[in-house]
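# Summary of structural features
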Amino acid sequence: MNASVPVAGGATRARELLRQSYGLIQALAVLLVLVVVMSSLSPRFLSWINIANLMGQMAVPLIVAAGMTIVMIAGEFDISVGSVVALSAAVSATVMLQYGIVAGVLLSLLIGPASGWLNGIVTTKGRIPSFIVTLGTMMMARSLAFVVTGGKVVSDLPDAFKALGQARVAGVPLLFLIALLTYAVGGFMLTRTAFGKRVYAVGANRMVATLSGIRADRVKIQCMMIVGFTASFAGNLLLARIGAIQADTARGLEFEVIAAVVIGGTSLYGGQGNILRTIIGVIIIALIRNFLNLSRIDIFWQDFATGAIIIAAVLLDALQKRVGRG
């Protein structure tokens, strides 16, 4: 009889480990299938030239997705990030041409946190869903991007700034390495600091967190400011990579990023998520877009694919919830 106790305990621990790792296993399985299928259909898919180019393309969504993971764990959304990326890049380029690189970058980096602060204040104090609030700021920021650029392409940036976007370290794009560093910082912040614990607590149950002495509104505002900063930071990296900017840049990035975060295992309802898993979600979406380009499939199908991914991500999140309850 005693021998059966450890066996039962081991089975229980195994089931609990499987339940906790379900999201990661699910994302890795999807990624593996995609790599196998796409590499078999396109010989150029696994070439180093394509992989390096893919790394450079992923830098911007990776950085924005890191901030989005934090704000979604806190139980909120920010669908204005694509517009903030465009506005930040537009301001950086315009100011840079007049007053230099440092002035352009520093001023543009204030846009995201300011937008995030506004989103957070209206969301928490007005008790308005963040989805609606950021829908408004998305339209405002996009409009301001058109105002700043005058509806034209801003180019002729300093060579020293554009060199950042083309730099490589051991063949790996510098922008990709910067994106990975962002995840190291974000992972440390969420798992090793008191702020990270408060983010999870507020996202899991705002009322309980408040009763525990956590200032839930402040935490949510801080999270909105963080995702805003990542959007402004990513806007500057995008500007360095392409060497020019127009107001329509990064349109639809917000939904692509949210889908990547959910695919990475972060719950749509808050309180659950792992920022490092978000990397897998971004890679999955980037692989699909890259495959469509290599296969010379009409570019209009890319939005169809992104929409399908968003629906699949929501279904996977619902399935993950059921597994968790099971």
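The structure we're discussing is the one just above.
Presented here is a report on the structure given in the accompanying data block.

What counts, and at which threshold
- As a convention, each chain's residues are numbered from 1 in the sequence order in which they are written.
- Given that this is a predicted model, residues contribute local features only at a pLDDT of at least 70 and side-chain atom pairs are listed and counted only at 80 or more, while totals for whole chains, interfaces and linings are drawn from all residues.
- Each side-chain value is worked out from all heavy atoms of the structure, with water and hydrogens disregarded.
- Where helices and strands are cited, they refer to DSSP runs of H or I of at least four residues and of E of at least two residues respectively, numbered from the N terminus.
- By the convention used here, residues are in contact when the closest approach between their heavy atoms is within 4.5 Å.
- The term salt bridge refers to a pairing of a side-chain nitrogen on Lys or Arg with a carboxyl oxygen on Asp or Glu at a separation within 4 Å.
- Remark: exposure states derive from per-residue accessible area (1.4 Å probe, protein chains only) relative to the maximum for the residue type, with buried under 20%, exposed over 50%, and partly exposed in between.
- Within this scheme, the nonpolar core is defined by two criteria: the residues are buried Ala, Val, Leu, Ile, Met, Phe, Trp, Tyr or Cys, and they are joined through side-chain atoms within 4.5 Å.
- Inter-axis angles, ranging from 0 to 180 degrees, are taken between N-to-C directions of lines fitted to C-alpha atoms, where helices are fitted over the stretch in contact.
- Working rule for handedness: look at the near helix, and if it is turned counterclockwise from the far one by less than a right angle, call the crossing left-handed; if clockwise, right-handed.
- When residues are sorted by character, Ala, Val, Leu, Ile, Met, Phe, Trp, Tyr, Cys and Pro go into the nonpolar class, Asp, Glu, Lys and Arg into the charged class, and all the rest, Gly among them, into the polar class.
- In summary, the pairing rule links any two rings of Phe, Tyr or Trp, Trp by its six-membered ring, whose centres are within 6.5 Å, and it sorts them by plane angle into stacked for under 30 degrees, edge-to-face for over 60 and tilted for everything else.
- Grid points spaced at 1 Å over the protein atoms alone were grouped into cavities, where a 1.4 Å probe fits but cannot get out, and pockets, open sets with protein on both sides within 12 Å along at least five of seven lines, with lining residues defined by an atom within 4 Å of a point.
- Grid points are joined across faces, edges and corners, and a volume is the space filled by probe spheres set on the points.

### Remarks on the side chain of aspartate 78
Locating aspartate 78 in the fold gives a position in the loop between helix H3 (48-73) and helix H4 (81-99). Not counting chain neighbours up to four residues away, the residues in contact with aspartate 78 comprise Met68, Asn119, Thr134, Val227 and Glu254.

### Topic: the pattern of salt bridges
Inspection of the entire model under this criterion finds 7 salt bridges. Two residues, aspartate 217 and arginine 127, come together in a salt bridge whose shortest N-O distance is 3.6 Å. Remark: arginine 127 occurs in the loop between helix H6 (111-125) and helix H7 (130-149) and aspartate 217 occurs in helix H12 (residues 216-242); sequence separation between them is 90 residues. Looking at arginine 127, the relative accessible area reads 53%, which means it is exposed. Here the residues in one salt-bridge network are Lys125, Arg127, Arg206 and Asp217, joined through shared partners.

### Some words on the nonpolar core
Proteins that are soluble and globular tend to have nonpolar side chains buried together. By size, the foremost hydrophobic cluster in this structure holds 80 residues, and its most contacted members are Leu62, Met68, Met72, Tyr183, Val199, Cys223 and Ile288. If one sorts the elements of this core by residue count, H3 sits on top with 15 residues. For leucine 62, the residues in contact, after removing those within four places along its chain, are Phe176, Ala179, Tyr183, Ile279 and Val282. One finds Met96, Leu157, Leu239 and Ala240 within the second-largest nonpolar core, a separate group that totals 9 residues.

### Here we look at the packing of H4 against H6
H6 packs onto H4 with a crossing angle of 140 degrees between their chain directions and a minimal axis gap of 9 Å. Our pair here, H4 against H6, has a crossing hand that is right-handed. Contacts from Val84, Leu87, Ser88 and Val91 of H4 reach H6 at Ile111, Gly112 and Ser115. Of the residues belonging to the contact of H4 with H6, the class tally is 4 nonpolar, 3 polar and no charged.

### Some remarks on the packing of aromatic side chains
Across all of its chains, the model carries 1 aromatic pair by this definition. Between phenylalanine 229 and phenylalanine 233, the aromatic rings sit 6.2 Å apart at their centres with planes inclined by 5 degrees, giving stacked as the arrangement. With phenylalanine 229 and phenylalanine 233 both in helix H12 and 4 residues apart, this pair spans about one turn of that helix.

### Some points on the layout of surface pockets
The space that makes up the largest pocket amounts to roughly 980 Å³. Ala250, Arg251, Glu256, Arg289 and Gln302 are the residues nearest the centre of the largest pocket, which is lined by 32 residues in total. Of all elements in the fold, only H3, H12, helix H13 (253-263), helix H14 (275-294) and helix H15 (300-325) reach the threshold of two or more residues within the lining of the largest pocket.

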